[in-house]
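Coordinate analysis (summary)
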Amino acid sequence: MSPPRTIRGPGLFISQFISNEPPFDTLDGMARFAAGNGFVALQIPVHDPRFIDLQRLDESGYIGKLETTLHGDRLAISEIAAHRAGQLMAVNPAYDAVMDGFASADCRGDPARRQARAAADLGAAITLAGRLGVVRLATFSGSLAWPFFYPFPPPPEGLIDRAFAALAARWRPLLDHADQANVDICFELHPGQDLHDGATFDRFLALVDGHPRAKILYDPSHMLLQHMDYLGFIDRYHDRIGAFHVKDAEFVVSDQRGVYGGYGDWLERPGRFRSPGDGQIDFKAIFSRLTRHGYDGWAVLEWECCLKNRLDGAAEGARFIADHIIRVGETPFDAGMRAQGSPDRLDAMLGLRRP
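Let me sum up the structure you'll find in this document. Fair warning: this is a prediction, and the values are worked out from it, not measured in the lab.

Re the overall build of the protein
- Scanning the protein from N- to C-terminus turns up 12 helices and 10 strands.
- Rg of the C-alpha trace for the protein: 23 Å, near the compact-globule value of 20 Å for 355 residues, within the 12% margin.
- Overall, the protein is about 90 × 55 × 45 Å in size when its C-alpha atoms are taken along their principal axes.
- Here the protein, with 355 residues, has 49% of them falling under the buried criterion.
- For the protein, the share of sequence-separated contacts (at least 6 apart) that also reach a separation of at least 24 residues comes to 79%.

Written out as structure tokens, the structure reads:
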């Protein structure tokens, strides 16, 4: 077990705040908004060139400009995020039409080209993270097998094995590139992705030979809605947890709908996301477990709530994270009471040397 460390934060994942209205339409404006609400880091996605333009990585001074913009508001980059590119790495044909909405216009209707562009974007995002000294990339795994997650009728023999083999083959070169760049790829375990729980992560990990750069973005909201033990998960997978989304959730038992939601909107679903502190997740225990196991990354707000507005969610979320971070003590609380013992004294206390 690693020694306890003070978790860094609060950070803000900006994806849910991006819009066409100031201050949410530029990196400079978003940085001022975040700093004004008490955040000290941003998790920045690469899908919107107004915030990070992957086509400009080799442009002289571009990376320095990014750093200057954030440093002006005393903000760090917690992680680079590439969720959309990750999702486009593996798309079952059932989702081609909706996933084309995430793809650039020149790739739509061409799954092979769409996947190749996703791999190129992920490679560029890894390179960017390495140049910035940001050691973690947050992403999704993509999904080939998700339409078959409920076994009725059962899929043909070998279908799931084939899906995971293909997924691992697509990600292995990116994991190797990440290793060269000193960057961990943190997969957010998320329903809709082939990597959505511990078992699917383990299955993938075995196929990439336990790659040291394959890590987990821990988001307890997705575990609560799957009725998983999200605290026990930390104990089992702490050495693979590289990133942490602070997002709350609740499951309100219904006599009409179950875990699949009945195709309802978020307010109608038994399982739904909430702002931190408004749901059912025990964040005090989560911060304690992560701190105990030596998690040295960031606590990052991912705001998604079916009721509360995002401005209140951001302001309250920054305070919520700050209040939950445990500042690790430099010495044990009982250090002043612990006496030194010579071998003779220890033996005498144990009765090993009696007159």
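Next comes the rest of the description.
Re unusual backbone geometry
- Between Gly9 and Pro10 the backbone carries a cis peptide bond, its omega angle lying at 5 degrees.
- Summarising the element assignment, Pro10 is placed in strand β1 (residues 8–13).
- Along the chain, Phe152 connects to Pro153 via a cis peptide bond; the corresponding omega equals -10 degrees.
- Following the sequence through the fold, Pro153 ends up in the loop between β4 (136–139) and α6 (159–181).
- Of note in this structure, Arg74 is not a glycine but carries a positive phi near 60 degrees.
- Here Arg74 lies in the loop between α2 (62–71) and β3 (76–81).
- A positive phi angle, near 60 degrees, is found at His227, a position not held by glycine.
- One can find His227 in the loop between α8 (220–224) and α9 (230–237).

A few points about the packing of aromatic side chains
- Across all of its chains, the model carries 16 aromatic pairs by this definition.
- For the pair Trp146 and Phe149, a centre-to-centre distance of 4.6 Å together with 10 degrees between the ring planes defines the contact as stacked.
- The class of Trp146 is buried, set by a relative accessible area of 17%.
- Their ring planes at 45 degrees and their centres at 5.9 Å tell us that Tyr218 and Phe244 sit as a pair that is tilted. In this pair, Tyr218 is assigned in strand β6 (residues 214–218) and Phe244 in strand β7 (residues 241–246), connecting sequence segments 26 residues apart.
- Tyr218 sits in the buried class, given a relative accessible area of 0%.
- Ring pairing ties together the aromatic residues Phe201, Tyr218, Phe233, Tyr237, Phe244, Phe287 and Tyr295, which thus form one cluster.
- In this structure, Lys247 is placed above the aromatic ring of Phe273, and the distance from its NZ or CZ to the ring centre is 4.0 Å.

Side note on the nonpolar core
- Judged by nonpolar contacts, the single largest core of 98 residues is most densely connected at Ile80, Phe204 and Ile286.
- In terms of residue count, α6 provides more of this core than any other element does, 9 residues in total.
- The residues contacting Ile80, other than those within four sequence positions of it, are Ile44, Val46, Ile52, Ala125, Leu128, Ala129, Leu132, Val134, Arg136, Leu137 and Ala138.
- Judged by nonpolar contacts, the second largest core, of 9 residues, contains Ala41, Ala138, Cys186 and Leu217.

Comments concerning the environment of Gly11
- Mapped onto the secondary structure, Gly11 falls in strand β1.
- A sequence separation of 103 residues divides Gly11 from Arg114, and the C-alpha atoms of the two residues are 31 Å apart.
- Apart from residues no more than four positions distant in its own chain, Gly11 is found in contact with Phe39, Ala41, Ala299, Val300, Leu301 and Ile321.

What about the environment of Gly262?
- On the secondary structure map, Gly262 appears in the loop between β8 (248–251) and β9 (271–274).
- Linking Gly262 and Phe204, residues 58 residues apart in sequence, is a C-alpha distance of 30 Å.

Details of the sheet that holds β4
- An order of β1-β2-β3-β4-β5-β6-β7-β10 is seen for the 8 strands of this closed barrel, with the pairing classed as parallel. Neighbour-to-neighbour, the strand axes of the sheet open up by a mean angle of 30 degrees, direction not taken into account.
- As paired strands, strand β5 (residues 184–188) and β6 are joined by 4 bridges and run parallel to one another. Its bridge partner lying in β6, Phe187 is registered against Ile216.
- Lying on the sheet, α6 is in contact with β4, β5 and β6; it crosses β5 at an angle near 135 degrees.

A few points about the side chain of Thr291
- As for its placement among the helices and strands, Thr291 is situated in helix α10 (residues 283–292).
- Given the relative accessible area of 5%, Thr291 is considered buried.
- At a separation of 2.7 Å, a polar atom in the side chain of Thr291 contacts the main-chain carbonyl oxygen of Phe287.
- Those residues within four positions of Thr291 in sequence are excluded, and the remaining contacts are Pro4, Arg5, Ile7, Ile326 and Val328.

Let's talk about the pairing of strand β2 (residues 41–45)
- The buried fraction of β2 is high, at 5 of 5 residues.
- Going residue by residue along β2, you find Ala41, Gln43 and Pro45 tucked away on one face and Leu42 and Ile44 tucked away on the opposite face as well.
- Where β1 lies against β2, 3 bridges are found, and the strand directions are parallel. Pairing of Phe13 across the sheet is with Gln43, part of β2.
- Regarding topology, helix α1 (residues 27–36) serves as the crossover connection from β1 to the parallel β2, and that connection is right-handed.
- The pairing of β2 with β3 spans 5 bridges and is classified as parallel.

What counts, and where the lines are drawn
Residues numbered from 1 in each chain as written. Predicted model: local features only at pLDDT ≥ 70, side-chain atom pairs only at ≥ 80, totals over all residues. Heavy atoms only, no water. Helix = DSSP H or I, 4+ residues; strand = E, 2+ residues; numbered from the N terminus. Rg over C-alpha atoms; globule rule 2.2 N^0.38 Å. Buried < 20%, exposed > 50% of the residue type's maximum accessible area, 1.4 Å probe, protein only. Contact = heavy atoms within 4.5 Å. Phe/Tyr/Trp six-rings, centres within 6.5 Å; stacked < 30°, edge-to-face > 60°. Lys NZ or Arg CZ within 6 Å of the ring centre and 35° of its normal. Core = buried A, V, L, I, M, F, W, Y, C linked by side-chain atoms within 4.5 Å. Pairing = 2+ DSSP bridges. Axes fitted to C-alpha atoms, helices over the stretch in contact; angles between N-to-C directions. Polar contact = N/O pair within 3.5 Å; in protein donor to acceptor, adjacent residues only side chain to side chain. Right-handed = clockwise from strand over helix to strand, strands pointing away.

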